[in-house]
Amino acid sequence: PPTAMAFVRHFLALADVEERTKNLIVGASRVQIENAVKDYDFISINPSMIAAASILNTARFMDRTSLPDGSRCSLSLVLEQHGSNRLIYGNKMREIRDKLLNTVRNKEVANDQQGASCKVSSPAASNSVQEKRAASPIPISVQKGPSYIMGSFVSSFSNAFQASGQIWS
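This is a predicted model, so every value here is computed, not measured.

A. Examining the nonpolar core more closely. In this structure, I55 and L75 are the most contacted members of the largest nonpolar core, which totals 29 residues. Looking at this core, the elements that each hand over two or more residues are α1 (4–14), α2 (19–37), α3 (47–61), α4 (69–82) and α5 (91–121). The leading source of residues in this core is α3, at eight residues. For L75, the contacting residues outside a window of four places in its chain are L12, A15, I25, I55, A59 and L67.

B. Highlighting the packing of α1 against α3. Taken N-terminus to C-terminus, the directions of α1 and α3 make an angle of 60 degrees; their axes are 8 Å apart at the nearest point. As summarised for this structure, α1 and α3 are arranged oblique, according to the angle between their axes. Two packed elements cross with a definite hand, and for α1 against α3 that hand is right-handed. Of the residues in α3, those touching α1 at A4, F7, V8, F11 and L12 are P47, S48, I50, A51, A52, S54 and I55. Per-class residue counts for the contact of α1 with α3 are 10 nonpolar, two polar and no charged.

C. Layout of the packing of aromatic side chains. The full count for this structure, using the stated rule, is one aromatic pair. Here F7 and F11 contribute two aromatic rings whose centre-to-centre distance is 5.9 Å and whose plane-to-plane angle is 35 degrees, an arrangement assigned as tilted. You can see F7 and its partner F11 sitting in helix α1, four residues apart, about one turn around the helix. Residue classification places F11 among the buried residues on the basis of a relative accessible area of 0%.

D. Seen up close, the pattern of salt bridges. Counting across every chain of the model gives one salt bridge. Between R64 and D69 there is a salt bridge; the shortest N-O distance is 2.7 Å.

E. Looking closely at α4. When the terminal C-alpha atoms of α4 are compared, their 20 Å separation across 14 residues agrees well with the 20 Å that a helix rising 1.5 Å per residue should span. Taken residue by residue, α4 has S71, R72, S74, L75, S76, V78 and L79 as its buried positions.

F. Spotlight on the confidence of the model for the protein chain. A residue-level look at the protein chain finds 59% of positions with pLDDT of 70 or above and a mean pLDDT of 75. When mean pLDDT is taken per element in the protein chain, α1 scores highest with 96 and helix α7 (residues 140–144) scores lowest with 45. Residue range residues 136–143 is modelled with pLDDT below 50. Its contacts to residues more than four positions away, or to other chains, number five contacts. Taken together, the stretch residues 156–169 has pLDDT below 50 and engages in 30 contacts with residues farther than four places along the chain or on a different chain.

Calculation rules
Residues numbered from 1 in each chain as written. Predicted model: local features only at pLDDT ≥ 70, side-chain atom pairs only at ≥ 80, totals over all residues. Heavy atoms only, no water. Core = buried A, V, L, I, M, F, W, Y, C linked by side-chain atoms within 4.5 Å. Buried < 20%, exposed > 50% of the residue type's maximum accessible area, 1.4 Å probe, protein only. Helix = DSSP H or I, 4+ residues; strand = E, 2+ residues; numbered from the N terminus. Contact = heavy atoms within 4.5 Å. Axes fitted to C-alpha atoms, helices over the stretch in contact; angles between N-to-C directions. Parallel < 35°, antiparallel > 145°, perpendicular 65-115°, else oblique. Left-handed = near helix turned anticlockwise from the far one by under 90°. Nonpolar A, V, L, I, M, F, W, Y, C, P; charged D, E, K, R; others polar. Phe/Tyr/Trp six-rings, centres within 6.5 Å; stacked < 30°, edge-to-face > 60°. Salt bridge = Lys/Arg side-chain N within 4 Å of Asp/Glu carboxyl O. Expected span 1.5 Å × (residues − 1). pLDDT = per-residue confidence, 0-100.

Listed below in structure tokens is the structure:
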């Protein structure tokens, strides 16, 4: 059976979106979907719905430079026409989108708590890691990986997302 990631790629192939933007959407959707796979609450949700929700979440947080209005419209039309639930603006979709964002948020909280316990148990090792990160030319967000980027992404915009009743502004 097709996976949620297969649906993400399928939906994006149908949309008129630049390749660079598609790659950004795939990366952010992957983080959400990987967390959903580990969460029992998603077992009864169709993979196409999870894929559509992850794309909508990602598109919601992208600025107009990364995802111009024409591409937003194209993506929205593809999801309306080809998604498993043609009403992508309904309550069921909102619930799935919120659950996806919560899985990312919860993962980041767990990672932060694990990091804090490591620091307490081994301050010397923690200092060594911090020194290596400070000396590295690679940004911390890249060093920590895609789930850190998505988590930062979510936490930065979650208040605006929760307050807004629309998919994107």
